[in-house]
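# Descriptive analysis of the structure
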Amino acid sequence: MKMKKRMFPVLMLLLFTVIAPLFLYTDTLSSFITTSSSKNDFIEDVSSFQSFGGSEKITQLNLLPQESINTLKEPIGVVYSDNSTNSIVGSGYITTTSAQTEELPLAESTEHIARVLSATNDEIESDKENPIKQVITDENVNDSLHKTISVDKVSDGADGKDKSSLSQDTSNNDATNMGTVTNEFSAQTSGNGGREEPRKNNIEKPSDQIVVQDARVRHLKDQLIRARVYLSLGATRNNPHFIKELRLRMKEIQRAVGDASKDSELPRNAYDKLKAMEQTLAKGKQIQDDCTAVVKKLRAILHSTEEQLRVHKKQTMFLTQLAAKTLPKGLHCLPLRLSTEYYSLNSSQQQFPNQERLEDPKLYHYALFSDNVLAAAAVVNSTVSHAQEQENHVFHIVTDRLNYAAMRMWFLANPPGKAAIQVQNIEELTWLNSSYSPVLKQLGSPSMIDYYFKAHRANSDSNLKFRNPKYLSILNHLRFYLPEIFPKLDKVLFLDDDIVVHKDLTGLWSVDLKGKVNGAVETCREGFHRFDRYLNFSNPLISKNFDPHACGWAYGMNIFDLEKWKRQNITEVYHSWQKLNNDRQLWKLGTLPPGLITFWKQTFALDPSWHVLGLGYNPSISQKEIERAAVIHYNGNMKPWLEIGIPKYKGYWTKFVDYNQVYLRECNINP
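All of these numbers come straight from a predicted model, not from anything done at the bench.

## Concerning the overall build of the protein chain
- The helix and strand tally for the protein chain stands at 25 helices and 10 strands.
- Within the protein chain, the proportion of its 671 residues that are buried is 44%.
- Partitioning the intrachain contacts of the protein chain with sequence separation of at least 6 by distance along the chain shows that 75% fall at a separation of at least 24.
- For the protein chain, the exposed surface amounts to about 37,300 Å²; the carbon and sulfur share of it is 53%.

## Let's talk about the nonpolar core
- Within the largest apolar cluster, 65 residues are counted, with the highest numbers of intra-cluster contacts made by Leu 334, Phe 411, Leu 493, Leu 505, Leu 508 and Trp 653.
- Broken down by element, the residue count for this core peaks at 9 residues, all from helix 12 (residues 373-386).
- Residues Met 448, Leu 489, Ala 520 and Trp 577 belong to the second largest nonpolar core, which totals 43 residues.

## Some points on the side chain of Asn 403
- Tracing the backbone through its elements, the reader meets Asn 403 in helix 13 (residues 401-413).
- In this structure the side chain of Asn 403 is engaged in a polar contact, spanning 3.4 Å, whose partner is the backbone oxygen of Asp 371.
- At 2.9 Å, the side chain of Asn 403 and the side chain of Asp 400 are in polar contact.

## Notes on helix 8 (residues 240-257)
- Under the 1.5 Å per step criterion, the end-to-end length of helix 8 is 26 Å for 18 residues, consistent within 8% with the ideal 26 Å.
- Buried residues of helix 8: Phe 242, Ile 243, Glu 245, Leu 246, Arg 249, Met 250, Glu 252, Ile 253, Ala 256 and Val 257, and no others.
- If you follow the buried residues of helix 8, they end up packed against helix 6 (215-232), helix 7 (234-237) and helix 9 (270-287).

## What to know about unusual backbone geometry
- In this structure, Asn 354 takes a positive phi of about 60 degrees despite not being glycine.
- Tracing the backbone through its elements, the reader meets Asn 354 in the loop between helix 11 (329-342) and strand 1 (364-369).
- In this structure Asn 354 comes out as partly exposed when scored by relative accessible area, which is 24%.
- One non-glycine residue, Arg 584, lies in the positive phi region at around 60 degrees.

## Quick look at the pattern of salt bridges
- Following the criterion strictly, the structure yields 14 salt bridges and no others.
- The closest approach of N and O atoms between Glu 278 and Arg 226, which form a salt bridge, is 3.6 Å. In this pair, Glu 278 is assigned in helix 9 and Arg 226 in helix 6, connecting sequence segments 52 residues apart.
- We classify Arg 226 as buried; its relative accessible area is 8%.
- For Asp 496, the salt bridge is made with Arg 479, and the minimal N-O distance between the two is 3.4 Å. In this pair, Asp 496 is assigned in the loop between strand 4 (491-495) and strand 5 (499-501) and Arg 479 in the loop between helix 16 (455-460) and helix 17 (482-485), connecting sequence segments 17 residues apart. Across the pair, exposure class does not vary: Asp 496 and Arg 479 are buried alike.

## A word on the packing of helix 11 against helix 13
- Interhelical geometry of helix 11 versus helix 13 gives an angle of 75 degrees and a closest axis separation of 8 Å. Taken together, the axis directions place helix 11 and helix 13 in an arrangement best described as roughly perpendicular. For the pair helix 11 and helix 13, the contacting residues are Pro 335, Leu 338, Ser 339, Glu 341 and Tyr 342 in the first and Leu 402, Asn 403, Ala 405, Ala 406, Arg 408, Met 409, Trp 410 and Leu 412 in the second.
- Counted by class, the contact of helix 11 with helix 13 contains 9 nonpolar, 2 polar and 2 charged residues.

## A few points about the sheet that holds strand 10 (residues 631-633)
- If you trace the 3 strands from one edge of the open sheet to the other, you get 5-10-9, paired in mixed fashion. Each edge of the open sheet carries a strand with a single partner, namely strand 5 and strand 9 (611-612).
- Of the strand pairs in this sheet, strand 5 and strand 10 are connected by 3 bridges, and their pairing is antiparallel. Within strand 10, the residue paired with Val 501 across the bridge is Val 631.

## Comments concerning the packing of aromatic side chains
- Under the definition given, this model contains 22 aromatic pairs.
- For the ring pair Tyr 481 and Tyr 574, a centre distance of 6.0 Å and an interplane angle of 85 degrees mean the geometry is edge-to-face. Of this pair, Tyr 481 sits in the loop between helix 16 and helix 17 while Tyr 574 sits in helix 21 (residues 570-580), placing them 93 residues apart in sequence.
- A residue is classified by how much of its surface remains accessible, and Tyr 481, at 0% relative accessible area, is buried.
- Joined through ring pairs, the aromatic side chains of Phe 369, Trp 431, Tyr 436, Phe 480, Tyr 481, Phe 494, Trp 553, Tyr 555, Phe 560, Trp 565, Tyr 574 and Phe 599 make up one cluster.
- Looking at Arg 479, its charged tip hangs above the ring of Tyr 555, at a distance of 4.7 Å from the centre.

## A closer look at the state of the cysteines
- Across all of its chains, the model carries 2 disulfides by this definition.
- A sulfur-sulfur separation of 2.1 Å characterises the disulfide bridge that pairs Cys 333 with Cys 667. Measuring handedness by torsion sign, the sulfur bridge of Cys 333 and Cys 667 sits at about -70 degrees and is left-handed. Note that Cys 333 is positioned in helix 11 and Cys 667 in the segment after helix 25 (662-666), a separation of 334 residues in sequence.
- Relative accessible area serves as the criterion here: at 26%, Cys 333 is assigned to the partly exposed category.
- Residue Cys 667 is classed as buried on the basis of its relative accessible area of 6%.

Rules and cut-offs
Residues numbered from 1 in each chain as written. Predicted model: local features only at pLDDT ≥ 70, side-chain atom pairs only at ≥ 80, totals over all residues. Heavy atoms only, no water. Helix = DSSP H or I, 4+ residues; strand = E, 2+ residues; numbered from the N terminus. Buried < 20%, exposed > 50% of the residue type's maximum accessible area, 1.4 Å probe, protein only. Contact = heavy atoms within 4.5 Å. Areas by Shrake-Rupley, 256 points an atom, 1.4 Å probe, with all protein chains shown as cover. Core = buried A, V, L, I, M, F, W, Y, C linked by side-chain atoms within 4.5 Å. Polar contact = N/O pair within 3.5 Å; in protein donor to acceptor, adjacent residues only side chain to side chain. Expected span 1.5 Å × (residues − 1). Salt bridge = Lys/Arg side-chain N within 4 Å of Asp/Glu carboxyl O. Axes fitted to C-alpha atoms, helices over the stretch in contact; angles between N-to-C directions. Parallel < 35°, antiparallel > 145°, perpendicular 65-115°, else oblique. Nonpolar A, V, L, I, M, F, W, Y, C, P; charged D, E, K, R; others polar. Pairing = 2+ DSSP bridges. Phe/Tyr/Trp six-rings, centres within 6.5 Å; stacked < 30°, edge-to-face > 60°. Lys NZ or Arg CZ within 6 Å of the ring centre and 35° of its normal. Disulfide = S-S within 2.5 Å.

These values are about where atoms sit, not about what they do.
What follows is the structure, given as structure tokens:
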């Protein structure tokens, strides 16, 4: 009973402190929900208040305070405008054209840009401009990609044309340019009420617009150049702390850049290194105020870089020519191994089958003059593999005495399907001697030997490509004696040993040459493949007889009408011009210049798809063009059997070489 009396006050206290508030809260909530005035009505009532002063104008009230412009931050290092003609990104290293929106975050923040912009006019008035910009303006060299000094492009030592990479300042004056940038910057933040405009990622850019790529790599390299300038100046050398810091930053930048040529190849911390270097360079600018010294140093660096580039270009040309002339070990081993095997055969085993077809004019005859066994094998294999009626095709190969046994052994061990083949030794052509052929006499003359083997002549000659030993080989000139080599044939398809056949070539025998002797693909789609590139038109004998703008054509796949050749005595025309060029004043060396002269007005232009050239020097030939071609030609130094060959083109050649063949394995010849 006493317990019940004690618990009663406790229960009452609990009722008033816990249960009653819950009941009251629930009742209030339900009444609020069911009220007739909604939240929207409340807002409309509040917003319809009139401003004081008796004005009839109704002022709309904002529920939330609008953010100020200062609270919005721009992306770091970006100044953006759709309608600008020049925009400066970062510290003035990149220029863009109208309607271009490149988001290239560089070293400096928006606050720093604003500070630089506000200080620009004072600096210009006091003639204390950025020394780097002053040098750029002084040099007045055109480069619209970025306003800096670049080591990527300098003068071309080979042709003597100055291609300095000092950029030209495109604005009329720095003050006008910086004022424009200031207006753009203020318009971006104020023109849209302080709100950021959404980025336009997919903008159609005009065809003539400059697109800045890999800007950060360029910026880092430019920083290194500026750092080297400060290292060599007297004012900064007297500051050991700055020199130590600058060298540290240079090492960091060098490690960050490495061999990178694209922004995507840079490490993640490259941006931090860039900012740190920018701060250090800013200190150097404060220490060094002698613009004349900076100008002199930059010019010295530019001159030194141009000289280094010229030397490296000359070395590259020499080494490329050397690599093209040098026979790889495997290709030296192969003919030796094949020759040994050939002389171990008896006379009956050394003969080819189907020899009765060799002089049948109704068949399809190919002429190939080569001392390279592997190259000749690729030509024959690719031609036979695409021929529809192999038994109607005949290959005539002429080689020198050193490779005669090896060439015969290769095709005895690897017969070309059902096609007939003939391998001849050039020494079997007894009629080809110096008394009959002027070029053969010239190749053995003392002047020619002096031209090739005297060191002082080699150093003085600016064009090393004419010093290729192939020009000393009579095999290279046999193409001018086709009627004499094949007296019973009417038509012959001449093939170089650095080509690959992609389609059946039998259609070439049915092409109407319109009475011409030579059917070839013209090469004047590019302006430099015209007659004036190959012949000396300063000589009156050349200028009087030929048109400098006439279209050149290509050796490597040519269909020759031997009947018309003999009727027009083309070989004698060749001989007469060779005699006139005894001192090499009409053209240098090679077979194309005399070919252009010999077959002047005697060449029929074939469809370009028959013959695509340039796979030995031009890495930009499209895959579509190659696959559409009947013949692809590796003309140039980068042959597919050499290590210097262009990798993306090698597959078209290697698929016609059987690397599982025992002789190739023994000589360690691999794709």
